[in-house]
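Letter by letter, the chains look like this.
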Amino acid sequence: MAEASETGRHFSYVEAAYAYQSTDWGPFEEEKNATFLASGEAFEYVHAHVRYNDGDTYMPRGVIQDGWWTYGIGAHYYLSPTTSVLIGADRHEMESQSNRRIQRGWEYKVGIRHDFNEKWRATLEIGEHNLIVGDDSTFIVEAIYHPIKALGLTFRVRDYDKLDLSSYELGARWSY
């Protein structure tokens, strides 16, 4: 079993990001939102995380997002001090301006994270969720640049297949 090095801890952080959400559905304008994320490691292989996206994004089936909470739990295993694999289960709760004020769903995902060196990290996650449009695929690609050890500058793309939503996020992360 590999143990994470001091610089290889992947799952304890807080982050604030600017999100540009692009919908391919209907004649709607693109949306700009604030996104906040936090994650913490517990025990040796477990992490819990939360994400909040604030905005008024138009989505399929007449849904207009007011705010989107995601919270979940995951397990991770370090293949080496710089590479970890993960699995997770997330609960989504989206506040909306539609007839159904709260949309709820689950997501199950797998992924891999790798530190290329002390400055650069990349993550790839794939998952399935059932929010708004039924069963749907989710893809997340994330790159982090660490100008200093605890501070990271993030770029992330979230893509929801049937939901026809892509979110491009730029943020700042403090890892602890």
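An account of the accompanying structure is given in this report. It should be emphasised that the depicted structure is a prediction, and the values quoted were computed from it without experimental measurement. (Residues numbered from 1 in each chain as written. Predicted model: local features only at pLDDT ≥ 70, side-chain atom pairs only at ≥ 80, totals over all residues. Heavy atoms only, no water.)

Scanning the chain from N- to C-terminus turns up zero helices and eleven strands. Starting at the N terminus, the α and β elements of the chain follow one another as β-β-β-β-β-β-β-β-β-β-β. Residues counted as buried form 48% of the 176 residues belonging to the chain. Within the structure as shown, the chain displays about 8,800 Å² of accessible surface, and the carbon and sulfur contribution to it stands at 60%. (Helix = DSSP H or I, 4+ residues; strand = E, 2+ residues; numbered from the N terminus. Buried < 20%, exposed > 50% of the residue type's maximum accessible area, 1.4 Å probe, protein only. Areas by Shrake-Rupley, 256 points an atom, 1.4 Å probe, with all protein chains shown as cover.)

All right, on to unusual backbone geometry then. In the Ramachandran plot, Phe 43 falls in the positive-phi region, its phi being about 60° despite a non-glycine side chain. Given a relative accessible area of 76%, Phe 43 falls into the exposed group.

Attention shifts here to the side chain of Ser 39. Mapped onto the elements, Ser 39 comes out in strand E2 (residues 31–42). Among the polar contacts listed, one links the side chain of Ser 39 to the backbone oxygen of Ala 48, at a separation of 3.3 Å. The contacts of Ser 39, once residues within four sequence positions are left out, are Phe 11, Ser 12, Tyr 13, His 47, Ala 48, His 49 and Tyr 176. (Polar contact = N/O pair within 3.5 Å; in protein donor to acceptor, adjacent residues only side chain to side chain. Contact = heavy atoms within 4.5 Å.)

Moving on, we come to a nonpolar patch on the surface. Taken together, Tyr 45, Tyr 77, Leu 79, Ile 87, Val 110, Ile 112, Leu 124, Ile 126, Phe 139 and Val 141 make up a surface patch of nonpolar side chains, about 860 Å² in accessible area. Those elements that place two or more of their residues in the nonpolar patch are strand E5 (63–80), strand E7 (102–115), strand E8 (120–129) and strand E9 (136–148). Inspection of the secondary structure assignment puts Val 110 in strand E7. (Patch = residues over 30% accessible without salt bridge, like charges linked within 9 Å, V, L, I, M, F, W, Y side chains within 5 Å. Salt bridge = Lys/Arg side-chain N within 4 Å of Asp/Glu carboxyl O.)

This brings us to empty space enclosed by the protein. Applying the stated criterion across every chain yields a total of one cavity of 30 Å³ or more. Taken as a whole, the largest cavity holds about 310 Å³ of empty space. Those elements that provide at least two residues to the lining of the largest cavity are E2, strand E3 (46–54), E5, strand E6 (83–96), E7, E8, E9 and strand E10 (151–160). The element best represented in the lining of the largest cavity is E6, accounting for five residues. A class-by-class count of the residues in the lining of the largest cavity yields nine nonpolar, eight polar and ten charged. (1 Å grid on protein atoms, 1.4 Å probe; cavity = no way out; pocket = protein on both sides within 12 Å on 5 of 7 lines; lining within 4 Å. Points joined across faces, edges and corners; volume = space filled by probe spheres on them. Nonpolar A, V, L, I, M, F, W, Y, C, P; charged D, E, K, R; others polar.)

Within the secondary structure, Ser 80 is located in strand E5. On the basis of relative accessibility, which here comes to 22%, the residue Ser 80 falls in the partly exposed class. Each C-alpha atom of the pair Ser 80 and His 114 lies 9.2 Å from the other, and the pair is 34 residues apart in sequence. Within polar-contact distance, the side chain of Ser 80 engages the backbone nitrogen of Thr 83 at 3.2 Å.

Turning next to the pairing of E10. The alternating pattern of E10 places Gly 152, Thr 154, Arg 156, Arg 158 and Tyr 160 on a buried face and Leu 151, Leu 153, Phe 155, Val 157 and Asp 159 on a face that is not buried. In this sheet, E10 lies alongside E9 in antiparallel orientation, the contact comprising nine bridges. Across the sheet, the residue bridging to Ile 140 is Arg 158, located in E10. Adjacent in sequence and paired antiparallel, E9 and E10 are bridged by two residues. One ladder, built from ten bridges, connects E10 with strand E11 (residues 165–175); its direction is antiparallel. Across the sheet, residue Val 157 finds its bridge partner in E11, namely Tyr 168. Hairpin connection between E10 and E11: a loop of four residues separates the two successive antiparallel strands, and Asp 164 in this loop has a positive phi of roughly 55°. (Pairing = 2+ DSSP bridges.)

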